[in-house]
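Analysis of the macromolecular model
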Amino acid sequence: MATKVFMEALSPTMEEGRLVKWLKNEGDQIASGDTLAEVETDKAIMELVARGDGVLRKRLLEEGGTAPVGQVIGVIAAPDEDVAALVAEAGGGGAGAGAPPQQQDAAAAPAAQDRSAADTIAQTREQAGASPVPQTVSQSQGEASTPPQQKVAAAPAGISGSAPPAQPSAPAAPAAPAGGAGDGRLRSSPLARRLASERGLDLGAIQGSGPGGRIIRRDIEAAATAAPPAAAGAAAAPAREGDYSDVPLSQMRKTIARRLSESIGPVPTFYLTAEFDLTRVSEMRTAMAELGKEFKVSVNDIVLKAVAVALSQHPEVNAHWLGDKIRYFNRVHLGMAVAIEDGLITPVIFDADRKRLSELSAEARELATRARERKLKPEEFTGSTFSVSNLGMFGIDQFTAIINPPEAGILAVGGIEEKPVIVNGEMVVRKRMRVTMSCDHRVIDGATGAKFLQTLRRLIENPLMLVY
């Protein structure tokens, strides 16, 4: 029985995926659970795992190609099993598709040289082991995951077709370089490959210091330091031809565009702006830092904690619009917008109101780090009930953020400024910060949002209320 390799829904909102890199060659022995490929979803780089045992007989999607969720991108079968009908049905029929693996390998050898460039251009997660991705999706997201790869008979009857993908280049085993594995593949971590691509470094010329000669991050950083800066910059800079260049959309950018069109137009949004005094926040942070490094927290940590506590006191704001009903949450799952290279991702701090400030601070840092490395799991960036976006560190005084449906609101946090203000009849200089709340008017009325901001002001201007 052959197993069709599907492009799976590796995140709740994924509609199509880009195949970053095949990790198995045609003819390789496959066991269920083995990592077959790295796939770029709308949120991260994920691992596509095998759902059956056998030999990888055919790869139907080239590295760098995209395929909708549910499309067949490969076939796993026994070495002597005829898979020509399956390949033809999937739209990838090519010479030698049903031939024994030995003949396929011989025919594919000339194309093996085309694979090396694709090995270093993908932004992937630095993760040594493979782990299957959960297939369940929260109902509140309104999305369903495509079933995993299914075992089917080799006969053409009952096989679902799909749009014809591009013909892949079949690999052969080249000689192993400095960080090479015994099977000819270059042994390097996903993060190392991304960093090498960004800095214009040739992985084949780098000696790995990881387990078994694996090239890891410190090897890339050492090579970049040793290389002449001008040469590295010249290698990393794209060639300029003509008056402009067209860059294909990443999966994340496609999703951002789609989600924004779902929000800013259909959602009746209004905005509430308030300015808070951060004098006591600054005093508290200074006092905590003097107690030791483990007590240091950022202004953003304090804002997140204050928002979470305020949401617990105003469940009418901690809500989702679901079309025919409004869902009010009894738990606060706070989304924290993090800027990454390809766009924006919002990891979630679950039960944020119940966490101590030190716990929330540590979790926020850890989530932000893994978000930038694109190592978040789908369950770590879905399920938020309200979101916060902070651009203050970029010198932005004030801005409006776009609501992430089905959430009913989002808080935009600006930078901290020293301003002259009147206190008890005297002019003094105080640290001030502006926040703007975007509200879905179908759920939140003006007075409702204003009361929430009043509570938030009380908490931020009296931050000792957050330490308990």
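Everything in this summary refers to the structure shown in the same document. Because the structure is predicted, anything quoted here is derived from the model rather than measured.

Helix and strand counts for the chain come out as 10 helices and 19 strands. Looking at the chain as a whole, 49% of its 468 residues are labelled buried. Once local pairs closer than 6 in sequence are excluded, the contacts in the chain between residues at least 24 apart make up 68%. Counting only carbon and sulfur atoms, one obtains 53% of the accessible surface of the chain, whose full area is about 21,800 Å².

What follows concerns a nonpolar patch on the surface. On the surface, a cluster of nonpolar side chains totalling about 320 Å² of accessible area is made up of Met393, Phe394 and Ile396. Tracing the backbone through its elements, the reader meets Met393 in the loop between strand S17 (386–390) and strand S18 (409–423). With a relative accessible area of 54%, Met393 lands in the exposed category.

This part takes up the nonpolar core. One finds Val307, Leu411 and Phe452 to be the most contacted residues of the largest nonpolar core, which totals 55 residues. Per-element accounting of this core gives the leading share, 10 residues, to helix H8 (residues 299–313). Once residues lying within four places of it in the same chain are set aside, the contact partners of Phe452 are Val307, Ala310, Leu311, His314, Val317, Phe386 and Met437. Within the second largest apolar cluster, 19 residues are counted, among which are Val5, Val39, Met46 and Ile76.

This brings us to the pairing of strand S8 (residues 72–77). Counting buried positions over the six residues of S8 gives six, a clear majority of the element. Examined bridge by bridge, strand S1 (residues 2–6) and S8 share four bridges and lie antiparallel to one another. Opposite Lys4, over in S8, you have Val75 as the bridge partner. As paired elements, strand S6 (residues 54–59) and S8 share four bridges and run antiparallel to each other. The residue bridging Leu56 from the neighbouring strand is Ile76, located in S8.

All right, on to the pattern of salt bridges then. All told, the structure shown has 17 salt bridges when counted by the stated rule. Across the salt bridge formed by Glu40 and Arg18, the nearest N and O atoms sit 2.6 Å from each other. One end of the pair, Glu40, is in strand S4 (residues 35–40); the other, Arg18, is in strand S2 (residues 16–22), with 22 residues separating them in the sequence. Owing to a relative accessible area of 3%, Glu40 belongs among the buried residues under this scheme.

Take a positive patch on the surface next. Among the surface-exposed residues, Arg285, Lys293, Lys296, Arg365 and Lys431 lie close enough to one another that they form a single positively charged patch. Within the secondary structure, Lys431 is located in strand S19 (residues 426–440). Residue classification places Lys431 among the partly exposed positions, given a relative accessible area of 34%.

As a packed pair, H8 and helix H10 (residues 446–461) sit with axes 9 Å apart at the nearest point and diverge in direction by 135°. In terms of orientation, H8 and H10 fall into the oblique class. You can see that H8 and H10 cross each other, and the crossing is right-handed. Touching Val303, Ala306, Val307, Val309, Ala310, Leu311 and Gln313 of H8 are Phe452, Thr455, Leu456, Arg458, Leu459 and Ile460, all from H10.

Time to look at the packing of aromatic side chains. Within the structure shown, the criterion is met by one aromatic pair. With a centroid separation of 5.9 Å and an interplanar angle of 50°, the aromatic rings of Phe386 and Phe452 are classed as tilted. Of this pair, Phe386 sits in strand S17 while Phe452 sits in helix H10, and the two are 66 residues apart along the sequence. What makes Phe386 buried here is its relative accessible area of 0%.

Taken in spatial order, the four strands of this open sheet run S5-S4-S2-S7, and their pairing is antiparallel. The open sheet is flanked by strand S5 (45–49) and strand S7 (66–68), the only strands paired with a single partner. For this sheet the average axis-to-axis angle between neighbouring strands, irrespective of direction, equals 40°. Bridge count between S4 and S5: five bridges; the pairing is antiparallel. Bridging across to S5, Glu40 finds its partner in Ile45.

It is worth spelling out the sheet that holds S18 at this point. One open sheet holds the six strands; their spatial order is S10-S19-S18-S17-S13-S16, and the pairing between them is mixed. Both outer strands of the open sheet, strand S10 (269–277) and strand S16 (348–349), are each paired with one neighbouring strand and no more. Pairing analysis gives three bridges linking strand S13 (residues 334–336) to S17, with the strands arranged parallel. Following the sheet pairing, Met336 is matched in S17 by Val388.

The next subject is the environment of Lys419. Relative to the assigned elements, Lys419 resides in strand S18. Considering only alpha carbons, one finds Lys419 and Arg432, 13 residues apart in sequence, at a separation of 6.7 Å. Filtering out sequence-adjacent residues up to four positions away, Lys419 remains in contact with Glu275, Val428, Val429, Arg430, Arg432 and Arg434. Within the local environment of Lys419, its side chain forms a polar contact with the side chain of Glu275, the two groups lying 2.8 Å apart.

Criteria and thresholds
Residues numbered from 1 in each chain as written. Predicted model: local features only at pLDDT ≥ 70, side-chain atom pairs only at ≥ 80, totals over all residues. Heavy atoms only, no water. Helix = DSSP H or I, 4+ residues; strand = E, 2+ residues; numbered from the N terminus. Buried < 20%, exposed > 50% of the residue type's maximum accessible area, 1.4 Å probe, protein only. Contact = heavy atoms within 4.5 Å. Areas by Shrake-Rupley, 256 points an atom, 1.4 Å probe, with all protein chains shown as cover. Patch = residues over 30% accessible without salt bridge, like charges linked within 9 Å, V, L, I, M, F, W, Y side chains within 5 Å. Salt bridge = Lys/Arg side-chain N within 4 Å of Asp/Glu carboxyl O. Core = buried A, V, L, I, M, F, W, Y, C linked by side-chain atoms within 4.5 Å. Pairing = 2+ DSSP bridges. Lys, Arg positive; Asp, Glu negative; His and termini not counted. Charge placed at Lys NZ, Arg CZ, Asp CG, Glu CD. Axes fitted to C-alpha atoms, helices over the stretch in contact; angles between N-to-C directions. Parallel < 35°, antiparallel > 145°, perpendicular 65-115°, else oblique. Left-handed = near helix turned anticlockwise from the far one by under 90°. Phe/Tyr/Trp six-rings, centres within 6.5 Å; stacked < 30°, edge-to-face > 60°. Polar contact = N/O pair within 3.5 Å; in protein donor to acceptor, adjacent residues only side chain to side chain.

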